[in-house]
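Observations on the three-dimensional arrangement
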Protein chains: 6
Amino acid sequence: MTNKTQFTVGKEPFYQAQGDEVQLYEAAYAARLPVMVKGPTGCGKSRFIEYMAWKLNKPLITVACNEDMTASDLVGRYLLDANGTRWLDGPLTTAARIGAICYLDEVVEARQDTTVVIHPLTDHRRTLPLDKKGELIEAHPDFQLVISYNPGYQNLMKDLKQSTKQRFTAFEFDYPTAELEADILSKETGLDVAICGKLVQIGQAARNLKGHGLDEGISTRLLVYAATLIKNGVDAKAACRMAMVRPITDDADIRDTLDHAIDASFA
Amino acid sequence: MTNKTQFTVGKEPFYQAQGDEVQLYEAAYAARLPVMVKGPTGCGKSRFIEYMAWKLNKPLITVACNEDMTASDLVGRYLLDANGTRWLDGPLTTAARIGAICYLDEVVEARQDTTVVIHPLTDHRRTLPLDKKGELIEAHPDFQLVISYNPGYQNLMKDLKQSTKQRFTAFEFDYPTAELEADILSKETGLDVAICGKLVQIGQAARNLKGHGLDEGISTRLLVYAATLIKNGVDAKAACRMAMVRPITDDADIRDTLDHAIDASFA
Amino acid sequence: MTNKTQFTVGKEPFYQAQGDEVQLYEAAYAARLPVMVKGPTGCGKSRFIEYMAWKLNKPLITVACNEDMTASDLVGRYLLDANGTRWLDGPLTTAARIGAICYLDEVVEARQDTTVVIHPLTDHRRTLPLDKKGELIEAHPDFQLVISYNPGYQNLMKDLKQSTKQRFTAFEFDYPTAELEADILSKETGLDVAICGKLVQIGQAARNLKGHGLDEGISTRLLVYAATLIKNGVDAKAACRMAMVRPITDDADIRDTLDHAIDASFA
Amino acid sequence: MTNKTQFTVGKEPFYQAQGDEVQLYEAAYAARLPVMVKGPTGCGKSRFIEYMAWKLNKPLITVACNEDMTASDLVGRYLLDANGTRWLDGPLTTAARIGAICYLDEVVEARQDTTVVIHPLTDHRRTLPLDKKGELIEAHPDFQLVISYNPGYQNLMKDLKQSTKQRFTAFEFDYPTAELEADILSKETGLDVAICGKLVQIGQAARNLKGHGLDEGISTRLLVYAATLIKNGVDAKAACRMAMVRPITDDADIRDTLDHAIDASFA
Amino acid sequence: MTNKTQFTVGKEPFYQAQGDEVQLYEAAYAARLPVMVKGPTGCGKSRFIEYMAWKLNKPLITVACNEDMTASDLVGRYLLDANGTRWLDGPLTTAARIGAICYLDEVVEARQDTTVVIHPLTDHRRTLPLDKKGELIEAHPDFQLVISYNPGYQNLMKDLKQSTKQRFTAFEFDYPTAELEADILSKETGLDVAICGKLVQIGQAARNLKGHGLDEGISTRLLVYAATLIKNGVDAKAACRMAMVRPITDDADIRDTLDHAIDASFA
Amino acid sequence: MTNKTQFTVGKEPFYQAQGDEVQLYEAAYAARLPVMVKGPTGCGKSRFIEYMAWKLNKPLITVACNEDMTASDLVGRYLLDANGTRWLDGPLTTAARIGAICYLDEVVEARQDTTVVIHPLTDHRRTLPLDKKGELIEAHPDFQLVISYNPGYQNLMKDLKQSTKQRFTAFEFDYPTAELEADILSKETGLDVAICGKLVQIGQAARNLKGHGLDEGISTRLLVYAATLIKNGVDAKAACRMAMVRPITDDADIRDTLDHAIDASFA
């Protein structure tokens, strides 16, 4: 038997609202509208959903999507047992049964057509047909579907179909403002907020290189890594190089540009 | 044993006819002609079929097609059991046996050649050979096959073969007229019809952008989402952005154009 | 045990000969030469084979070919049983054993190289090696292989290999003459032959658009659909649009051209 | 237990030597050199090997190669049994054990790299490693490997690797001379040799079209088909169209050219 | 039961630090930050991780990634047992359970989207969902994830996604300095350091050819091979050709250039 | 239980050294360095390894690599048994356990990334992780890995990765000198050395056509075939055509050029 409490978010996740997104999400959840969260890598999309699950006190089932994921991975499959085959619900089915928020992370990674299985759960039917089992599940009243995706990222081969997109309300995220981001860094790591401000400044410089040699800006997560290392006694310049430059680029010019920005900040 | 009543549409679905499609469908069903419903995303194709199944009082079995769907997913397969293998009918086989309307939603998503399995069910034979079981099923007299597809959507790789198309009578759907659509919004959500009219107006503006930066127009479903949020107390502009703009575009210019249209409507 | 009578064509299928094809087929069958039937979608190829099987009083086993079809689907496979594995003959093997006419419909859909398995059945050997079972089947004296394909349809990727083609005698089909086609429509549906003639006229107009916006002409089957609907009381123009235009084109110009032809015919 | 006699060629196959190929094959077999037979579709390659197996009184195991064929299909596999898994030799393994001539027909159809499994059987080792069984088979002294392929046919994707080719001695076949071919037709069908000569004349005209609209010439097999139909009372022109033209071309111009040649011959 | 000690690095691996990488790694491990090691083939990345696991006294589980690796290969799968199916943890799951350092070697070889399964282990959640088992593993406090990759090597098809990269702190490795490398060679093989210096000199000459006919420089490993052969009595020039030239190039010009450099060094 | 003696090379293979390759191989084996043998088709690479295994008196396990080969084919897999699953070592695992020389023939045919599994066996670790079994094998002290490949043969899609190449010492082979090759032919077949010299002369002429219409030169093996046939009484010209020309080319010009060279030699 699936245990509902195992999916409960036990402790309040650290989340700083950037606007009215908490209230709007509550309204979407009240009407059980499906939700899409958009935004660049590491800007806090997953954290936001975790926070909302905690705030609404609903179980949260997260699925990290990938290209090899089949519909069966979401819906369930038969397993071989001592007494023949036994059905095992997939995470989407479990969420529909127990009334969880089901969060499909990086949904565009999944095969475009695999996403078709979520359609009947996202319209007035709110059902999930288990074709292989011959069962039609009516979603629990608390069930809600949430997907994330990174729009700067898609190519022609990998994009959500309009017939999928048009089943969701959408939230657009971006990196936090400089002040808020420094505050987040300081609160998460305990590092002095002034030093955090310097890290944010370097991060923003790097974000301006997006499209000019960098595929993506530096995520808040990497800034937190740098702050953590500095807090633990690592030299600030070494920490920045290791956490904020080396992971995101293999290009010598970009690397040198960012290294100089670091040297300038911590001169 | 498959239970026929589980596929009955219990409650009359909300459906507003746009023309004589209800009468024509009844004629097609009377002759058991296969039916194809064409039209853009979210214009009510699935709702129409659900309504007709309710009106004709026939069971409805819906299959959301996808690229990974094999012929076995439609027809059935052997499962391993304590006593060896056991055959499990697929949804198409079940429909043929119990006399249901079988609705293959977004059929072009299925592998083009998988659709070949429906051929003997759509001509004078009305049979379904279960090659793996060595059984030839004669379709129940009430059985009918229905497929949907979105013509604005196909590419060279994914289109129905003529030898499949030429087995169907076809219904072409479009978005409802402005008046009817506002009426639908108001009836479905309880929102004042005047505000609904404004939403429809914005929706129609967006539909004019199709082919000029938008792949598809805004569906009636997204308008219903916006109306629902407004009815639940969300600010109209925020509701429109969240339900009618953010889901359908990642392009900053298109987004700003639509946001201005919203600001103008709810100034 | 496979039951031969289940494959018998019980009732004489409706078939109107277009020339001497019945006599030529009888000669080919007398020498057990393999037969290929070529022609456009819905011109009556499958009906002809069904008719010949009835006339020759031989069982008929039809296989709708598709791209996912493996050699095992034709030949047979091992199934898991309570006592280990059990062999299940595929349709081709069954036909070779019981002396049926085996009709591989739309054979080009099958993987080109899968068709290699039919080679030893189509030359002087008339054998079918079941490699996986280690058995060599000698075909029953009544066995004959028939394949269909649509030459207007192939692309470079999908064509029969010459080493396959050169194992068959071939029949080339086309749409019936206007008079014959009107006669067929009237006989199949009971609709007045004059109205049937109008439908045929529209159909022939559409067939002239093949290669000029239409991939295929309108099949006799679709004309029968239209006649059926009119016979059942549907307005002739609505019936034609629904049965003869909407299924075959998504192009607005072609659609309008055909709609005008219909309006002109039933003015 | 595999029964050696089931692979014996019981009756002398009809074969007319074109040159000294019978003696050369005997020399190759005496040294157990692997043999490759090359030539166009239907020129008698398979018949020649069958004849040699009969003449040398060795069992013959023929495998029709195809793209889906895996190494396991040649070598063998484990099957599930009441007592667990049981090994089943593939045709190549059987041939190596019992000392048969193993004939891989149309070997280029097999995946290029699957053919690697035949390498250790074609050099001084004359062994076949059954990797999955952990067994190394020493080929029976009578074992010989023969492959066929059609050089006019290969594309860049499908050709034998040099490291495979250089393990074979090779025989190059072509269509028989006109006189010999007419003789073959007459002997196989009992049709008057003069009429057979006309068929050969038409066949040679068609062979001149190879590369000018025809992918391959007409095979001797198709000429035999035509002769058979005429012998059974079919009109000569109808027989030629049905057996020698319709199977090999879908092109209207080529078809008309060949039809005229037929009309001229049987005027 | 998995035995933790089997993954312990028993003996101190030979490792010469090139800078402060040991201290920085210790800081990253202290905060359990995920680590990426970048650098060319054979420069000592794997050796470094092995050394750190030994120094930190943590078990090390290494997975050589490859394109055929599925998520199941990392996470685990069900095996068939006498009593039905039995779950077997994959190496990543084992590492998460016992608190090992999990080292995914050449991670870009794995399917880009398979790497998505490591995401929840690399952020604040530090969890691994076993979707197929319906279990959510909380990583052991000692668990750390390390990946290696070679930036000079990627193509457009194979690169880590930014959403993966931005979960790691990164170390950039290069070949050691000439002096240090000669020292390493001498210490590993016992060969005179002066001769080792000559080998390093040749190696550096070859590294300058990278991008000018060589895809990669000569690794320290190949220099060690040459030193080993010379130490064992092989002529220096033959040893260099065999260990430092023939393995890395098939190009006659490059080969001659390097052979001349060898001749000059050992003249 | 795997029996070590079954892999012993019982009889001294015929091998004529071309230089100091035997001594260099012995030095490489003494240090257990992995070995790569490079060279054109049929120049004696496999024979050399067989000879060295005989000379060193070590078991030899040869694996003919192919594109369908998975890592499991090398390493091992679970088989289903009466008592559930049973592990079966693959050839690489067997070699590592019993201390054999493991020879991966034509390793580039294997999927590039499958070759990653050999990495831990080719560096200081000398281990083979059986991920699916959760076992880490330490290679037997006598174990050595050898791979062969043909450099004239690779394309962009199929080449060894540098990170694989740089794990091997390498031997470069070519066809023997004319004198030596004639000697080999004569010793292997008993044919007069003067005639053998003529065959070698023709072979060398053909090798000059490499890159000018021939993909590869004629291998020593084909010369041996020709010599064998002549020794067995076949006419020299017929033997040369059958063994040295027909197998390697389908091009009429090349064929005629080589036929003339044969006629000139045996005029």
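Predicted, not measured: the structure shown is a model, and the values here were computed from it. (Residues numbered from 1 in each chain as written. Chains lettered and ligands numbered in written order. Predicted model: local features only at pLDDT ≥ 70, side-chain atom pairs only at ≥ 80, totals over all residues. Heavy atoms only, no water.)

Brief notes about the relation of the copies chain A and chain E
Laying chain A over chain E is done by rotating through 60 degrees and shifting 0.1 Å along the axis; what remains is an RMSD of 0.1 Å. In short, the pair behaves as if placed about a six-fold rotation axis. Each copy contacts the other with its own distinct surface, as only 2% of the interface residues of chain A are interface residues in chain E too. (Least-squares fit on C-alpha atoms with pLDDT ≥ 70 in both. Contact = heavy atoms within 4.5 Å.)

Side note on the sheet that holds strand β5 (residues 101-105) of chain B
Residue and element names in this part refer to chain B. The 5 strands are arranged β2-β5-β8-β1-β9 in an open sheet whose pairing can be described as parallel. At either end of the open sheet lies a strand with only one pairing partner, and these are β2 (60-64) and β9 (169-172). The average angle at which neighbouring strand axes cross in this sheet is 20 degrees, direction not considered. Pairing of strand β1 (residues 35-38) with strand β8 (residues 144-149) involves 4 bridges; the strand directions are parallel. If you follow K38 over to β8, its bridge partner there is Y149. (Pairing = 2+ DSSP bridges. Helix = DSSP H or I, 4+ residues; strand = E, 2+ residues; numbered from the N terminus. Axes fitted to C-alpha atoms, helices over the stretch in contact; angles between N-to-C directions.)

Quick notes on the packing of aromatic side chains
Throughout the structure, instances matching the rule amount to 42 aromatic pairs over all chains. Linked through ring pairs, Y15, Y25, F48, Y51, W54, F171 and F173 of chain A together constitute an aromatic cluster. Positioned above the aromatic ring of Y175 of chain E is the side chain of R207 of chain E, whose terminal nitrogen or guanidinium carbon lies 3.8 Å from the ring centre. (Phe/Tyr/Trp six-rings, centres within 6.5 Å; stacked < 30°, edge-to-face > 60°. Lys NZ or Arg CZ within 6 Å of the ring centre and 35° of its normal.)

Quick look at the interface of chain F and chain D
Quoted interface sizes are often the accessible area lost when the parts come together. Counting residues at the interface gives 44 residues for chain F, matched by 40 residues for chain D. Overall, the association of chain F and chain D removes approximately 3600 Å² of surface from exposure, summing both partners, and the carbon and sulfur fraction of that is 51%. By the criterion of area lost to chain D, the three top residues of chain F are Y225, M242 and D250 of chain F, representing 17% of everything that side buries. The interface formed by chain F and chain D holds 3 salt bridges in total. Between R246 of chain F and E172 of chain D there is a salt bridge whose closest N-O contact spans 3.1 Å. Our count for the contact surface shared by chain F and chain D stands at 15 residue pairs in polar contact (both at pLDDT 80 or more). At the level of secondary structure, the elements contributing two or more residues to the side of chain F that touches chain D comprise α2 (45-56), β2 (60-64), β3 (76-81), α8 (220-231) and α9 (236-245) of chain F. Here the element with the most residues in the side of chain F that touches chain D is α8 of chain F; it accounts for 5 residues. (Buried area = accessible area lost by both parts, 1.4 Å probe. Salt bridge = Lys/Arg side-chain N within 4 Å of Asp/Glu carboxyl O. Polar contact = N/O pair within 3.5 Å; in protein donor to acceptor, adjacent residues only side chain to side chain.)

A short note on the arrangement of the chains
If you take every C-alpha in chain B and every C-alpha in chain E, the smallest gap between them is 10 Å, and the two do not touch. Of all C-alpha pairs spanning chain B and chain F, none lies closer than 15 Å, and the two are not in contact.

Remarks on the packing of helix α9 (residues 236-245) of chain E against helix α10 (residues 252-265) of chain E
Residues and elements named next belong to chain E. Where α9 meets α10, the axes come as close as 10 Å, and the angle between the chain directions of the two elements is 145 degrees. Remark: the crossing between α9 and α10 carries right-handed chirality. Residues K237, C240, R241 and V245 of α9 form the contact with α10, whose own contacting residues are R255, L258, D259, I262 and D263. Here the contact of α9 with α10 is composed, by residue class, of 4 nonpolar, no polar and 5 charged. (Left-handed = near helix turned anticlockwise from the far one by under 90°. Nonpolar A, V, L, I, M, F, W, Y, C, P; charged D, E, K, R; others polar.)

A look at helix α2 (residues 45-56) of chain E
Residue and element names in this part refer to chain E. With 12 residues, α2 ought to run about 16 Å at 1.5 Å a step, and its terminal C-alpha atoms sit 17 Å apart, in line with that. Summarising burial for α2: 9 of the 12 residues are buried, a large majority. With its phi angle positive at about 55 degrees, N57 sits one or two positions after the end of α2. (Expected span 1.5 Å × (residues − 1). Buried < 20%, exposed > 50% of the residue type's maximum accessible area, 1.4 Å probe, protein only.)

A word on the environment of G203 of chain C
All names here are of chain C. Here G203 is to be found in helix α7 (residues 193-207). G203 gets classed as buried once you look at its relative accessible area, which sits at 0%. Setting aside residues up to four positions removed in sequence, G203 forms contacts with I218, L223 and M244.

Notes on the UniProt feature "domain: CbbQ/NirQ/NorQ C-terminal" (unreviewed entry) in chain A
In the numbering used here, UniProt assigns the feature "domain: CbbQ/NirQ/NorQ C-terminal" (unreviewed entry) to residues 181-264 of chain A. The span residues 181-264 of chain A shows a helical share of 70% and a strand share of 0%, and its end C-alpha atoms are spaced 20 Å apart. (UniProt positions renumbered as here; feature names shortened; annotations may be inferred.)

Structural notes on the pairing of strand β5 (residues 101-105) of chain D
Residues and elements named next belong to chain D. Counting buried residues along β5, 5 of its 5 residues qualify, which places the element largely inside the surrounding structure. Relative to β5, strand β2 (residues 60-64) runs parallel, the two sharing 5 bridges. Bridging across to β5, A64 finds its partner in D105. By the bridge criterion, 4 bridges tie β5 to strand β8 (residues 144-149) in an arrangement that is parallel. Directly across from L104, in β8, lies its bridge partner I147.

A word on the relation of the copies chain F and chain D
Between chain F and chain D, which share one sequence, the superposing operator has a rotation angle of 60 degrees and an axial displacement of 0.0 Å; the RMSD is 0.0 Å. Looking at chain F, a mere 2% of its interface residues are interface residues in chain D too, so the copies touch through different faces.

Here we look at the sheet that holds strand β2 (residues 60-64) of chain A
Strand pairing within a sheet occurs via backbone hydrogen bonds; the two strands may be parallel or antiparallel. Residues and elements named next belong to chain A. An order of β2-β5-β8-β1-β9 is seen for the 5 strands of this open sheet, with the pairing classed as parallel. The open sheet is flanked by β2 and β9 (169-172), the only strands paired with a single partner. Each strand axis lies, on average, 20 degrees off the axis of its neighbour in the sheet, ignoring direction. In this fold helix α2 (residues 45-56) packs onto β1 (35-38), β2, β5 (101-105) and β8 (144-149), with an angle of close to 175 degrees to the strand it touches most, β5. With respect to the sheet, helix α4 (residues 91-98) is in contact with β2, β5 and β8, its orientation differing from that of β2 by roughly 165 degrees.

Observations concerning empty space enclosed by the protein
Left-over empty space is what a probe sized like a water molecule reveals as it rolls over the atoms. Within the structure shown, the criterion is met by 6 cavities of 30 Å³ or more. As a volume, the largest cavity reaches approximately 70 Å³. Around the largest cavity sit D131 and K132 of chain D together with S72, D73, G76, R77, L88, D89 and G90 of chain F, which together line it. Residue assignment for the lining of the largest cavity shows that the elements contributing at least two residues are α3 (71-75), β3 and β4 (84-89) of chain F. Of the pockets and cavities examined, the second largest cavity occupies roughly 60 Å³. Every residue along the wall of the second largest cavity is listed here: S72, D73, G76, R77, L88, D89 and G90 of chain A together with D131 and K132 of chain E. Going through the elements one at a time, α3 (71-75), β3 (76-81) and β4 (84-89) of chain A are the ones with two or more residues in the lining of the second largest cavity. Along the lines of polarity and charge, the residues of the lining of the second largest cavity split into 1 nonpolar, 3 polar and 5 charged. (1 Å grid on protein atoms, 1.4 Å probe; cavity = no way out; pocket = protein on both sides within 12 Å on 5 of 7 lines; lining within 4 Å. Points joined across faces, edges and corners; volume = space filled by probe spheres on them.)

Some thoughts on the confidence of the model for chain A
Low-pLDDT stretches of the model should not have their predicted coordinates read in fine detail. Looking at chain A, the pLDDT average stands at 88 and 94% of residues meet or exceed 70. With pTM at 0.76, the complex prediction returns an ipTM value of 0.85. (pLDDT = per-residue confidence, 0-100.)

As for the pairing of β8 of chain B
Extensive coverage of β8 of chain B is indicated by the burial of 6 of its 6 residues. Residues Q144, V146 and S148 of chain B point to one face of β8 of chain B and L145, I147 and Y149 of chain B to the other, with burial holding for every one of them.

With respect to the interface of chain A and chain E
Across the contact, 44 residues belong to chain A and 41 residues belong to chain E. Both sides together, the interface formed by chain A and chain E hides about 3700 Å², and carbon and sulfur atoms give 51% of it. Interface area lost by chain A to chain E is led by Y225, M242 and D250 of chain A, which between them contribute 17%. At the boundary of chain A and chain E, one finds 3 salt bridges. For the pair chain A and chain E, the interface holds 15 residue pairs in polar contact (both at pLDDT 80 or more).

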